[in-house]
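The residues making up each chain are set out below.
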Amino acid sequence: MEIPELNVVTGAFGYTGKYITQRLLSMGERVKTLTGRSDLKNPFGSQVTTSPFNFDKLSLLTESLRGTTTLYNTYWVRFSYRGATFDRAVENSKKLIKAAESAGVRRIVHISITNASEESPFPYFRGKAIVEKAIIHSKLSYAIVRPTVIFGAEGVLINNIAWLLRRFPIFAVFGPGKYRIQPVFVEDLAEIAVSMGHREDNVVTDAVGPEIYTFDEFVRLIAQKIRSKAKIIHVKPGLALVLARLIGYMVKDVVITKDEINGLMSNLLVSASRSTAKTHFSEWLDVNAGKVGARYISGLERRYD
Ligand SMILES: NC(=O)c1ccc[n+]([C@@H]2O[C@H](COP(=O)([O-])OP(=O)(O)OC[C@H]3O[C@@H](n4cnc5c(N)ncnc54)[C@H](OP(=O)(O)O)[C@@H]3O)[C@@H](O)[C@H]2O)c1
């Protein structure tokens, strides 16, 4: 019997990586993950083997990728925290690419972000562009998949907007709220990533949903679907950040960063190309209105518990 090809998914016990892994397993493919998490958090049991990232031991990192056909890379940091900075994430990503080349990996499917640019004032978007360039100049065949904000059961941003709308009498939108957002469903993103993994050509594509909202419309839609009575007001971004920090102090998390607010206000979470994903955020919300925001999801707790 032929042994199925081996895929490595970085972060298979995380958010996007979990759905990519589920999809690969459902297609009868083998999956190994590189992760910083302990195997105790492995929801896939013996179906998924694990190795640590080993960014500081290139030979071990290379060995952990040997025999891999396709590397699905979700590794990145949301904001700089403790030693996990954007510069470190860029360096580690470059090491991963080098190790994949040395290990003879055929193809990389890299999850980036819409509007990544080396000229971006935001380290998240700038770092992503630097990593994209390293992939394009590598020996690997590649697909670069650029999602906007991702929605799904484990998504932090949308869940926590809903939590705030449920919990407080007022919700502060930063600025006039006219900037746009084009959310993409996590399972659609996984489907796009895996279909890109099965191709041969080099490709860069946005992974974006069919609906575009202004941020104001987006918050109002969530409020309406979850039947929140919170008054939605508009405040200066600086004041919104102060409020977010106060709430962050309360929930022991980083609710949103200044760069995330500015990135959103610069229309970076919307695509100039046609939508590539099918699931409508509004329909997902209809089905999930009872659950979304029922409890706060702490990104820090998830990572550093
Ligand atoms: N979530 C979104 O709305 C969104 C939007 C646009 C683009 N993206 C991109 O999509 C990809 C996946 O995002 P995700 O939200 O699904 O991420 P995630 O599951 O939270 O993390 C993805 C990977 O990055 C590692 N990682 C995350 N934070 C880290 C930290 N502080 N220190 C060390 N390692 C860290 C995780 O390590 P462990 O394996 O140890 O957990 C995991 O391997 C990322 O490249 C992200 O930039 C996400």
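Residues numbered from 1 in each chain as written. Predicted model: local features only at pLDDT ≥ 70, side-chain atom pairs only at ≥ 80, totals over all residues. Heavy atoms only, no water.

K.L.:
Please clarify how the overall build of the protein chain should be interpreted in this entry.
P.N.:
Each helix and strand in the protein chain was counted, giving eleven helices and 13 strands. Relative to a compact globule of 305 residues, whose C-alpha radius of gyration would be 19 Å, the protein chain shows 19 Å and is just as compact. The principal-axis extent of the C-alpha atoms belonging to the protein chain is close to 60 × 40 × 40 Å. Burial analysis of the protein chain (305 residues in total) assigns 57% to the buried set. Across the protein chain, contacts joining residues at least 24 apart in sequence account for 78% of those joining residues at least 6 apart. Within the protein chain, the 29 negative side-chain charges are centred at a point lying 6 Å from the centre of the 41 positive side-chain charges. (Helix = DSSP H or I, 4+ residues; strand = E, 2+ residues; numbered from the N terminus. Rg over C-alpha atoms; globule rule 2.2 N^0.38 Å. Buried < 20%, exposed > 50% of the residue type's maximum accessible area, 1.4 Å probe, protein only. Contact = heavy atoms within 4.5 Å. Lys, Arg positive; Asp, Glu negative; His and termini not counted. Charge placed at Lys NZ, Arg CZ, Asp CG, Glu CD.)

K.L.:
Quick question: what am I supposed to make of the layout of surface pockets here?
P.N.:
Vacant regions in the atomic arrangement are exposed by a probe of water-molecule size rolled over the atoms. Roughly 410 Å³ of volume is contained in the second largest pocket. If you list the elements that add at least two residues to the lining of the second largest pocket, you get α5 (156-167), β8 (170-174), α8 (237-251) and α9 (258-265). Of all the elements, α8 adds the most residues to the lining of the second largest pocket, at six residues. (1 Å grid on protein atoms, 1.4 Å probe; cavity = no way out; pocket = protein on both sides within 12 Å on 5 of 7 lines; lining within 4 Å. Points joined across faces, edges and corners; volume = space filled by probe spheres on them.)

K.L.:
Help me out: how do you make sense of the pattern of salt bridges in this one?
P.N.:
Opposite charge on two side chains allows them to pair when their charged atoms are near. Tallying each qualifying case throughout the model produces 13 salt bridges. Here E101 ties to K98 by a salt bridge, and the two come within 3.8 Å at their closest N and O atoms. Here E101 and its partner K98 are both found in helix α3 (residues 86-103), three residues apart, which amounts to about one turn of the helix. When its relative accessible area of 18% is taken as the criterion, E101 is described as buried. Relative accessible area serves as the criterion here: at 48%, K98 is assigned to the partly exposed category. One salt-bridge network, held together by shared partners, links D188, E191 and K278. (Salt bridge = Lys/Arg side-chain N within 4 Å of Asp/Glu carboxyl O.)

K.L.:
Is there a simple way to explain the sheet that holds strand β1 (residues 6-10) in this structure?
P.N.:
Strand pairs in the sheet, formed through backbone hydrogen bonds, run parallel or antiparallel to each other. Strand order in this open sheet of seven strands is β3-β2-β1-β4-β5-β6-β11, and the pairing throughout is parallel. Lying at the two open borders of the sheet, with one neighbouring strand each, are β3 (48-51) and β11 (203-207). For this sheet the average axis-to-axis angle between neighbouring strands, irrespective of direction, equals 20°. With five bridges joining them, β1 and strand β2 (residues 30-34) adopt parallel strand pairing. Paired with V9 across the bridge in β2 is T33. The sheet strands contacting helix α2 (residues 58-65) are β1, β2, β3 and β4 (68-73), and the helix crosses β2 at an angle near 165°. Docked against the sheet, helix α6 (residues 186-197) engages β4, β5 (107-111), β6 (141-147) and β11, running at close to 160° with respect to β5. (Pairing = 2+ DSSP bridges. Axes fitted to C-alpha atoms, helices over the stretch in contact; angles between N-to-C directions.)

K.L.:
How do you make sense of the environment of D188 when you look at a structure like this?
P.N.:
Summarising the element assignment, D188 is placed in helix α6. Exposure remark for D188: the relative accessible area of 4% places this residue in the buried category. Distance from D188 to S46, taken between C-alpha atoms, is 26 Å for residues 142 residues apart in sequence. Setting aside residues no more than four positions away along its own chain, D188 makes contact with A277, K278 and T279. A distance of 3.2 Å separates a polar atom in the side chain of D188 from the backbone nitrogen of K278. (Polar contact = N/O pair within 3.5 Å; in protein donor to acceptor, adjacent residues only side chain to side chain.)

K.L.:
Could you clarify how one ought to interpret the nonpolar core in this entry?
P.N.:
Soluble globular proteins: nonpolar side chains tend toward being buried together. Of all hydrophobic cores here, the largest spans 76 residues; its most connected members are I20, L165, F215, F218, I222 and F281. A total of seven residues in this core trace back to one element, the largest contributor, which is α6. Not counting chain neighbours up to four residues away, the residues in contact with F215 comprise I161, V173, F174, G177, Y179 and L264. Counting residues in each nonpolar core, the second largest holds 25 residues, with V8, L61, V105 and V131 among its members. (Core = buried A, V, L, I, M, F, W, Y, C linked by side-chain atoms within 4.5 Å.)

K.L.:
Looking at this structure, how should I read the site of the ligand?
P.N.:
The environment of the ligand is made up of 25 residues, and the closest members are T16, T35, R37, Y124 and K128. A distance of 2.8 Å separates an oxygen atom of the ligand from a polar atom in the backbone of G36. At 3.3 Å, a backbone N or O of I111 approaches an oxygen atom of the ligand. Calculation on the ligand without its partners gives an accessible area of 870 Å², and the protein chains cover 84% of this total. Taken together, the elements giving at least two residues each to the shell around the ligand come down to α4 (123-136) and α11 (299-304). Class assignment for the residues of the shell around the ligand results in 13 nonpolar, nine polar and three charged. (Near = heavy atom within 4 Å. Areas by Shrake-Rupley, 256 points an atom, 1.4 Å probe, with all protein chains shown as cover. Nonpolar A, V, L, I, M, F, W, Y, C, P; charged D, E, K, R; others polar.)

K.L.:
Explanation requested: helix α10 (residues 281-288) in the structure shown.
P.N.:
Count 3.6 residues to each turn of an α-helix, and residues three or four apart come out pointing the same way. Residues F281, S282, W284, L285 and N288 constitute the buried set of α10. End-on view of α10: buried residues confined to an arc of 160°, all on one side of the axis. Where α10 is buried, its residues meet β7 (150-151), α5, β10 (184-185), β12 (213-214) and α7 (215-225). (Arc of directions from axis to C-beta.)

K.L.:
What is the right way to read the packing of aromatic side chains from this model?
P.N.:
We describe a pair of aromatic rings using the distance from one ring centre to the other and the angle between the two ring planes. Throughout the structure, instances matching the rule amount to 23 aromatic pairs. Look at W76 and F86: their rings are 6.1 Å apart centre to centre, the planes differ by 40°, and that puts the pair in the tilted class. Linking W76 in the loop between β4 and α3 with F86 in helix α3, this pair joins segments that are ten residues apart in sequence. Since its relative accessible area comes to 14%, W76 is described here as buried. Judged by centre distance (6.1 Å) and plane angle (70°), the rings of W76 and Y124 are edge-to-face. Placement of the pair is W76 in the loop between β4 and α3 and Y124 in helix α4, with a sequence separation of 48 residues. Judged by its relative accessible area of 23%, Y124 falls in the partly exposed class. In this structure an aromatic cluster arises from ring pairing among F151, F174, Y179, F185, Y213, F215, F218, F281 and W284. Here the basic side chain of R82 rests over the ring of Y304, its NZ or CZ set 4.8 Å away from the ring centre. (Phe/Tyr/Trp six-rings, centres within 6.5 Å; stacked < 30°, edge-to-face > 60°. Lys NZ or Arg CZ within 6 Å of the ring centre and 35° of its normal.)

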